[in-house]
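One letter stands for each residue in the lines below.
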Amino acid sequence: GAVVSQHPSRVICKSGTSVKIECRSLDFQATTMFWYRQFPKKSLMLMATSNEGSKATYEQGVEKDKFLINHASLTLSTLTVTSAHPEDSSFYICSARPLSGTYYNEQFFGPGTRLTVL
Amino acid sequence: RKEVEQDPGPFNVPEGATVAFNCTYSNSASQSFFWYRQDCRKEPKLLMSVYSSGNEDGRFTAQLNRASQYISLLIRDSKLSDSATYLCVVGPQGGKLIFGQGTELSVKP
(Lines give C-alpha, C1' and ligand atoms only; values in the text may rest on other atoms or scores of the structure.)
Protein backbone atom coordinates (compact mmCIF):
# COMPACT_ATOMS: atom_id res chain seq x y z
CA GLY A 1 0.00 0.00 0.00
CA ALA A 2 0.85 3.73 -0.03
CA VAL A 3 1.91 3.99 -3.67
CA VAL A 4 2.34 7.32 -5.40
CA SER A 5 2.65 7.66 -9.15
CA GLN A 6 3.87 10.53 -11.28
CA HIS A 7 3.33 11.20 -14.93
CA PRO A 8 5.23 11.73 -17.10
CA SER A 9 8.45 10.21 -15.84
CA ARG A 10 10.52 12.19 -18.30
CA VAL A 11 9.77 15.17 -20.51
CA ILE A 12 11.86 17.17 -22.93
CA CYS A 13 10.38 20.42 -24.17
CA LYS A 14 11.31 23.62 -25.93
CA SER A 15 11.86 26.84 -24.05
CA GLY A 16 8.64 28.79 -23.60
CA THR A 17 6.28 25.83 -23.43
CA SER A 18 4.29 24.77 -20.40
CA VAL A 19 4.59 21.34 -18.85
CA LYS A 20 2.05 19.64 -16.60
CA ILE A 21 3.12 16.96 -14.14
CA GLU A 22 0.57 14.75 -12.39
CA CYS A 23 0.94 13.20 -8.96
CA ARG A 24 -1.51 10.50 -7.89
CA SER A 25 -1.91 8.55 -4.69
CA LEU A 26 -3.03 5.16 -5.97
CA ASP A 27 -4.28 3.35 -2.90
CA PHE A 28 -4.90 6.04 -0.32
CA GLN A 29 -6.39 9.48 0.02
CA ALA A 30 -4.23 12.50 0.69
CA THR A 31 -5.46 15.96 1.62
CA THR A 32 -1.88 17.16 1.47
CA MET A 33 0.69 16.61 -1.23
CA PHE A 34 4.10 18.19 -1.50
CA TRP A 35 6.15 19.21 -4.52
CA TYR A 36 9.93 19.14 -4.43
CA ARG A 37 12.68 20.01 -6.87
CA GLN A 38 16.10 18.42 -6.92
CA PHE A 39 19.07 19.66 -8.92
CA PRO A 40 21.98 17.30 -9.66
CA LYS A 41 24.06 16.44 -6.59
CA LYS A 42 21.77 18.57 -4.43
CA SER A 43 19.12 17.73 -1.89
CA LEU A 44 15.38 17.94 -2.31
CA MET A 45 14.00 21.42 -1.90
CA LEU A 46 10.36 21.84 -0.98
CA MET A 47 8.60 24.07 -3.49
CA ALA A 48 5.04 24.07 -2.23
CA THR A 49 2.44 22.31 -0.15
CA SER A 50 -0.65 21.36 -2.09
CA ASN A 51 -3.92 21.23 -0.17
CA GLU A 52 -7.02 19.58 -1.58
CA GLY A 53 -9.70 22.12 -2.32
CA SER A 54 -7.65 25.18 -1.42
CA LYS A 55 -4.71 27.23 -2.62
CA ALA A 56 -1.21 25.84 -2.42
CA THR A 57 1.29 27.25 0.03
CA TYR A 58 4.55 28.18 -1.65
CA GLU A 59 7.98 28.27 -0.06
CA GLN A 60 9.95 31.47 -0.05
CA GLY A 61 11.50 32.19 -3.42
CA VAL A 62 9.16 29.96 -5.42
CA GLU A 63 7.04 31.89 -7.92
CA LYS A 64 3.42 30.84 -7.67
CA ASP A 65 2.62 32.18 -11.14
CA LYS A 66 5.47 30.15 -12.59
CA PHE A 67 4.63 26.90 -10.84
CA LEU A 68 0.87 26.43 -10.86
CA ILE A 69 -0.48 23.82 -8.50
CA ASN A 70 -3.96 22.33 -8.58
CA HIS A 71 -5.16 19.75 -6.07
CA ALA A 72 -8.62 18.94 -7.34
CA SER A 73 -9.24 15.65 -5.55
CA LEU A 74 -7.96 13.59 -2.64
CA THR A 75 -5.82 11.52 -5.00
CA LEU A 76 -4.51 13.98 -7.59
CA SER A 77 -2.32 17.06 -7.57
CA THR A 78 -0.84 18.69 -10.66
CA LEU A 79 2.15 20.98 -11.08
CA THR A 80 2.35 23.08 -14.22
CA VAL A 81 5.66 24.69 -15.07
CA THR A 82 4.60 27.66 -17.17
CA SER A 83 6.80 29.13 -19.89
CA ALA A 84 9.60 26.75 -19.01
CA HIS A 85 13.20 27.83 -19.48
CA PRO A 86 16.44 25.83 -19.37
CA GLU A 87 17.03 26.82 -15.74
CA ASP A 88 13.79 25.01 -14.86
CA SER A 89 15.37 21.73 -15.94
CA SER A 90 15.37 19.57 -12.84
CA PHE A 91 14.00 16.46 -11.15
CA TYR A 92 10.53 17.20 -9.80
CA ILE A 93 9.24 14.86 -7.10
CA CYS A 94 5.89 14.82 -5.37
CA SER A 95 4.93 13.19 -2.13
CA ALA A 96 1.63 12.47 -0.46
CA ARG A 97 0.68 12.12 3.16
CA PRO A 98 -2.15 9.68 3.97
CA LEU A 99 -5.31 11.18 5.35
CA SER A 100 -5.40 8.60 8.13
CA GLY A 101 -4.38 5.10 9.04
CA THR A 102 -1.19 3.32 9.94
CA TYR A 103 1.04 5.53 7.79
CA TYR A 104 -0.36 8.88 8.84
CA ASN A 105 2.51 11.35 9.36
CA GLU A 106 4.69 9.64 6.77
CA GLN A 107 5.20 10.93 3.27
CA PHE A 108 5.30 8.63 0.29
CA PHE A 109 7.19 9.79 -2.73
CA GLY A 110 6.39 9.48 -6.38
CA PRO A 111 9.10 8.22 -8.77
CA GLY A 112 9.85 11.73 -9.97
CA THR A 113 9.67 13.56 -13.29
CA ARG A 114 12.85 14.55 -15.05
CA LEU A 115 12.27 17.78 -16.97
CA THR A 116 14.70 18.95 -19.60
CA VAL A 117 14.05 22.31 -21.23
CA LEU A 118 16.00 22.93 -24.42
CA ARG B 1 23.11 27.89 9.25
CA LYS B 2 21.32 25.20 7.27
CA GLU B 3 18.16 23.79 8.80
CA VAL B 4 19.45 20.24 8.44
CA GLU B 5 23.13 19.58 8.06
CA GLN B 6 24.84 16.26 7.35
CA ASP B 7 28.37 14.92 7.05
CA PRO B 8 29.58 16.01 3.61
CA GLY B 9 30.84 12.60 2.48
CA PRO B 10 31.35 10.69 0.31
CA PHE B 11 32.06 7.67 2.44
CA ASN B 12 33.98 4.88 0.71
CA VAL B 13 34.06 1.72 2.81
CA PRO B 14 34.80 -1.98 2.25
CA GLU B 15 32.09 -4.61 2.54
CA GLY B 16 31.48 -5.60 6.13
CA ALA B 17 32.53 -2.25 7.55
CA THR B 18 30.52 -0.28 10.06
CA VAL B 19 29.71 3.26 9.02
CA ALA B 20 28.08 6.10 10.94
CA PHE B 21 26.34 9.17 9.58
CA ASN B 22 25.71 12.29 11.63
CA CYS B 23 23.13 14.99 11.23
CA THR B 24 22.21 18.16 13.13
CA TYR B 25 19.08 20.27 12.87
CA SER B 26 18.42 23.86 13.85
CA ASN B 27 14.71 23.96 14.67
CA SER B 28 14.25 22.83 18.26
CA ALA B 29 10.48 22.56 17.69
CA SER B 30 10.92 19.76 15.14
CA GLN B 31 8.55 16.90 15.72
CA SER B 32 9.58 14.04 13.48
CA PHE B 33 12.83 12.63 12.25
CA PHE B 34 13.68 10.20 9.49
CA TRP B 35 16.45 8.67 7.48
CA TYR B 36 15.72 8.24 3.78
CA ARG B 37 17.77 6.46 1.18
CA GLN B 38 18.03 7.73 -2.38
CA ASP B 39 19.52 5.74 -5.22
CA CYS B 40 20.90 7.55 -8.24
CA ARG B 41 18.17 9.26 -10.29
CA LYS B 42 15.41 7.72 -8.15
CA GLU B 43 13.01 9.04 -5.57
CA PRO B 44 13.87 8.93 -1.85
CA LYS B 45 12.63 5.90 0.05
CA LEU B 46 12.04 5.82 3.78
CA LEU B 47 14.72 3.82 5.55
CA MET B 48 13.51 4.34 9.09
CA SER B 49 11.87 6.78 11.42
CA VAL B 50 13.96 7.97 14.35
CA TYR B 51 12.63 7.98 17.89
CA SER B 52 13.97 9.50 21.08
CA SER B 53 14.51 6.07 22.55
CA GLY B 54 16.56 5.02 19.55
CA ASN B 55 15.53 2.29 17.21
CA GLU B 56 17.08 -0.60 15.37
CA ASP B 57 16.09 -2.39 12.19
CA GLY B 58 18.41 -5.24 11.37
CA ARG B 59 21.82 -3.79 10.54
CA PHE B 60 20.57 -0.22 10.89
CA THR B 61 20.43 1.73 14.15
CA ALA B 62 19.16 5.29 14.47
CA GLN B 63 19.60 7.59 17.44
CA LEU B 64 18.08 10.95 18.30
CA ASN B 65 19.40 13.42 20.86
CA ARG B 66 16.87 16.22 21.20
CA ALA B 67 18.98 18.22 23.65
CA SER B 68 21.86 18.36 21.17
CA GLN B 69 19.56 18.42 18.13
CA TYR B 70 21.55 15.56 16.69
CA ILE B 71 20.56 12.46 14.74
CA SER B 72 22.71 9.52 13.76
CA LEU B 73 22.50 6.43 11.60
CA LEU B 74 24.75 3.41 12.08
CA ILE B 75 25.06 0.72 9.43
CA ARG B 76 26.74 -2.49 10.51
CA ASP B 77 28.18 -5.18 8.22
CA SER B 78 27.70 -2.97 5.18
CA LYS B 79 26.70 -4.61 1.89
CA LEU B 80 27.34 -3.56 -1.68
CA SER B 81 23.60 -2.89 -1.95
CA ASP B 82 23.86 -0.26 0.79
CA SER B 83 25.59 2.07 -1.69
CA ALA B 84 23.31 5.09 -2.01
CA THR B 85 22.84 8.61 -0.72
CA TYR B 86 21.43 8.79 2.80
CA LEU B 87 19.21 11.74 3.59
CA CYS B 88 18.58 13.05 7.07
CA VAL B 89 15.05 14.44 7.15
CA VAL B 90 13.42 16.54 9.83
CA GLY B 91 9.76 17.41 10.14
CA PRO B 92 8.85 20.68 11.77
CA GLN B 93 5.25 21.17 12.67
CA GLY B 94 2.74 21.20 9.86
CA GLY B 95 3.80 18.09 8.04
CA LYS B 96 6.59 19.62 5.95
CA LEU B 97 9.84 17.74 5.62
CA ILE B 98 13.23 19.43 5.51
CA PHE B 99 15.96 17.42 3.81
CA GLY B 100 19.65 17.47 4.53
CA GLN B 101 22.00 17.62 1.58
CA GLY B 102 22.65 13.89 1.80
CA THR B 103 25.71 11.79 2.43
CA GLU B 104 26.87 9.49 -0.32
CA LEU B 105 27.95 5.99 0.68
CA SER B 106 29.92 3.71 -1.61
CA VAL B 107 30.55 0.16 -0.40
CA LYS B 108 33.35 -1.59 -2.26
CA PRO B 109 34.03 -5.34 -2.54
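See the structure printed just above.
Computed from a predicted structure; not experimentally measured.

## Examining the interface of chain B and chain A
Consideration 1: On the chain A side, the residues contacting the 18 residues of chain B number 20 residues.
Consideration 2: Buried area between chain B and chain A, both sides added, is near 1,400 Å², and the carbon and sulfur share of it is 50%.
Consideration 3: Across the contact surface, chain B and chain A share one salt bridge.
Consideration 4: Put simply, B:K96 and A:E59 hold a salt bridge, and the shortest N to O gap is 3.2 Å.
Consideration 5: Along the contact surface separating chain B from chain A lie four residue pairs in polar contact (both at pLDDT 80 or more).
Consideration 6: Residue contributions to the side of chain B that touches chain A peak at four residues, all from strand β4 (residues 32–38) of chain B.
Consideration 7: Along the lines of polarity and charge, the residues of the side of chain B that touches chain A split into seven nonpolar, six polar and five charged.

## Let's talk about the sheet that holds strand β1 (residues 4–6) of chain B
Residue and element names in this part refer to chain B.
Consideration 1: Pairing is antiparallel in the open sheet, where five strands are placed in the order β1-β3-β8-β7-β6. On the outer flanks of this sheet lie β1 and β6 (55–57), each paired with one strand and no other. Each adjacent strand pair in this sheet contributes to an overall mean axis angle of 15°, direction not counted.
Consideration 2: Where β6 meets strand β7 (residues 60–65), three bridges bridge the pair, whose relative direction is antiparallel. By the bridge assignment, E56 is partnered in β7 with T61.

Conventions used here
- Residues numbered from 1 in each chain as written.
- Chains lettered and ligands numbered in written order.
- Predicted model: local features only at pLDDT ≥ 70, side-chain atom pairs only at ≥ 80, totals over all residues.
- Heavy atoms only, no water.
- Contact = heavy atoms within 4.5 Å.
- Buried area = accessible area lost by both parts, 1.4 Å probe.
- Salt bridge = Lys/Arg side-chain N within 4 Å of Asp/Glu carboxyl O.
- Polar contact = N/O pair within 3.5 Å; in protein donor to acceptor, adjacent residues only side chain to side chain.
- Helix = DSSP H or I, 4+ residues; strand = E, 2+ residues; numbered from the N terminus.
- Nonpolar A, V, L, I, M, F, W, Y, C, P; charged D, E, K, R; others polar.
- Pairing = 2+ DSSP bridges.
- Axes fitted to C-alpha atoms, helices over the stretch in contact; angles between N-to-C directions.

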